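Breakdown of the fold
The primary structure of each chain is shown beneath.
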Amino acid sequence: MAKNYMTVETTNLEGCACFSFQSTSDIENGAIVGKGELVTDEISVYAALDDYSDGMYLVANPAWDYDTCRLINQNEENFINEAGTPFKVYELKKDRKFKIGNLPSTLVLAKDDFVEFKNGAYAKSTTPTNLKVERVEELGYPFFVGTGGSPIDGDTTNKYGKGALDTRTTKYTIRVV
């Protein structure tokens, strides 16, 4: 069963340095963090901070679950960086882009919206920030699976029937401004 963690794509982060960070709490891929001091007894692992006013770092560790008994365990939305375990981040620079997905359905963003990352989640900002939505994409589709499944959220006309699974997701391309 999906845990619905955020997902992240880093295909447009050319020239952004990678670092190893560690957090005292679980942290999702796609989160924005700040860089603290070196973790005790480490030579290249830095503490992740909630305050990123002195520099933004994108959490983007390869999503891999060592429990390979079920293929679904490897789905990105099932992955979280556990507290006390180092993870990879990218130093964000001006005009670099990344894509986030699997955000709560209550968060609706549009092209040119400014966003911020606070309290462990993205939020629409009423004032300009260094993060701007450049593109919104809906991917996937509902598909028929037979008598199983359930009605699709928002399908008030029952267009897809009760034997459908909804695989649609919205992804947002964010540009550092």
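Presented here is a report on the structure given in the accompanying data block. Model, not experiment: these values are computed from the prediction. (Residues numbered from 1 in each chain as written. Predicted model: local features only at pLDDT ≥ 70, side-chain atom pairs only at ≥ 80, totals over all residues. Heavy atoms only, no water.)

On to the packing of aromatic side chains, then. In this description, an aromatic ring pair is defined by two values, namely the gap between the centres and the angle between the planes. Counted by the stated rule, this structure contains five aromatic pairs. On the numbers, 4.9 Å between centres and 70° between planes, the contact of F117 with Y122 is edge-to-face. The burial state of F117 is the same as that of Y122; both residues are buried. In textbook terms, an aromatic cluster arises when at least three aromatic residues are bridged by ring pairs, as seen for F19, F21, Y46 and Y57. (Phe/Tyr/Trp six-rings, centres within 6.5 Å; stacked < 30°, edge-to-face > 60°. Buried < 20%, exposed > 50% of the residue type's maximum accessible area, 1.4 Å probe, protein only.)

Backbone hydrogen bonds are what pair the strands of a sheet, in a parallel or an antiparallel way. With respect to topology, six strands assemble into an open sheet ordered β1-β7-β13-β10-β8-β9, the strand pairing being antiparallel. For this open sheet the edge positions go to β1 (7–12) and β9 (121–125), each flanked by a neighbour on one side alone. Strand-to-strand, the axes of this sheet are offset by a mean angle of 40°, without reference to chain direction. As paired strands, strand β8 (residues 114–118) and β9 are joined by five bridges and run antiparallel to one another. Paired with E116 across the strands is A123, a residue of β9. (Pairing = 2+ DSSP bridges. Helix = DSSP H or I, 4+ residues; strand = E, 2+ residues; numbered from the N terminus. Axes fitted to C-alpha atoms, helices over the stretch in contact; angles between N-to-C directions.)

Read these as geometric descriptors, not functional statements.
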